[in-house]
Amino acid sequence: MKYRGFYVKISQESVARQDKDGNEVQCKGFVIEIFENEQSAIPLDRITAAVDFELLELSVAEAEQFVKDYIDSERKHFHE
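Residues numbered from 1 in each chain as written. Predicted model: local features only at pLDDT ≥ 70, side-chain atom pairs only at ≥ 80, totals over all residues. Heavy atoms only, no water.

When you go through the chain residue by residue, the secondary structure sums to 1 helix and 4 strands. The order of α-helices and β-strands along the chain, N terminus first, is β-β-β-β-α. Dimensions of the chain, computed from C-alpha atoms along their principal axes, come out at roughly 40 × 25 × 20 Å. Here the chain holds 80 residues, and the buried ones make up 31% of them. Taking as baseline every contact in the chain between residues at least 6 positions apart, the subset at least 24 positions apart corresponds to 45%. About 5400 Å² of surface is accessible on the chain, with carbon and sulfur atoms providing 44% of the total. In the chain, the 10 positive side-chain charges and the 17 negative ones have mean positions that sit 4 Å from each other. (Helix = DSSP H or I, 4+ residues; strand = E, 2+ residues; numbered from the N terminus. Buried < 20%, exposed > 50% of the residue type's maximum accessible area, 1.4 Å probe, protein only. Contact = heavy atoms within 4.5 Å. Areas by Shrake-Rupley, 256 points an atom, 1.4 Å probe, with all protein chains shown as cover. Lys, Arg positive; Asp, Glu negative; His and termini not counted. Charge placed at Lys NZ, Arg CZ, Asp CG, Glu CD.)

Grouped together as the largest cluster of nonpolar side chains are 13 residues, with contacts concentrated most on V8, F30, I32, I34, V67 and I71. Put simply, the parts of the chain that give this core at least two residues each are β2 (6-18), β3 (24-35), β4 (45-50) and α1 (60-78). Among the elements that make up this core, the one with the highest residue count is α1 (4 residues). Here I32 is in contact with V8, K9, I10, D45, R46, I47, A49, A63, F66 and V67, once residues within four sequence places are set aside. (Core = buried A, V, L, I, M, F, W, Y, C linked by side-chain atoms within 4.5 Å.)

Right, let's get into the sheet that holds β4. Taken together, the 4 strands give an open sheet; going across it, the order is β1-β2-β3-β4, and neighbouring strands pair in antiparallel fashion. Each having just a single partner strand, β1 (2-3) and β4 make up the two edges of the open sheet. The pairing of β2 with β3 spans 12 bridges and is classified as antiparallel. By the bridge assignment for β3, S14 is matched with K28. (Pairing = 2+ DSSP bridges.)

With respect to the helices and strands, S59 occurs in the loop between β4 and α1. Here S59 falls in the buried class, since its relative accessible area comes to 16%. Here E62 takes part through its backbone nitrogen, which lies 3.0 Å from a polar atom of the side chain of S59. (Polar contact = N/O pair within 3.5 Å; in protein donor to acceptor, adjacent residues only side chain to side chain.)

Let us look at the pattern of salt bridges. For the structure shown, the criterion picks out 2 salt bridges. A salt bridge links D72 to R4; the nearest nitrogen and oxygen atoms lie 2.6 Å apart. Of this pair, D72 sits in helix α1 while R4 sits in the loop between β1 and β2; the two residues are 68 residues apart in sequence, bridging distant segments of the chain. Judged by relative accessible area, R4 falls into the partly exposed class, the value being 47%. A salt bridge links R17 to E54; its shortest N-O distance comes to 3.1 Å. Of the two residues, R17 sits in strand β2 while E54 sits in the loop between β4 and α1, which places them 37 residues apart along the sequence. (Salt bridge = Lys/Arg side-chain N within 4 Å of Asp/Glu carboxyl O.)

The following block contains the structure:
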């Protein structure tokens, strides 16, 4: 996916989160890597998004919207 000049790779994977009791749990989710260009081997950033935490459901569309919002809020940071 390309967004605002960045290239994004979204992979469905199990994501670790802490439940309300502080225990680590594995959740359905996505690993998201943001690259400066298509040829970049090293991501500018690598984030995760988990269902019932950052995402309402396990869907690529939901992950894409999440990363668009993330890029919009962090874009200045990427250019430093």
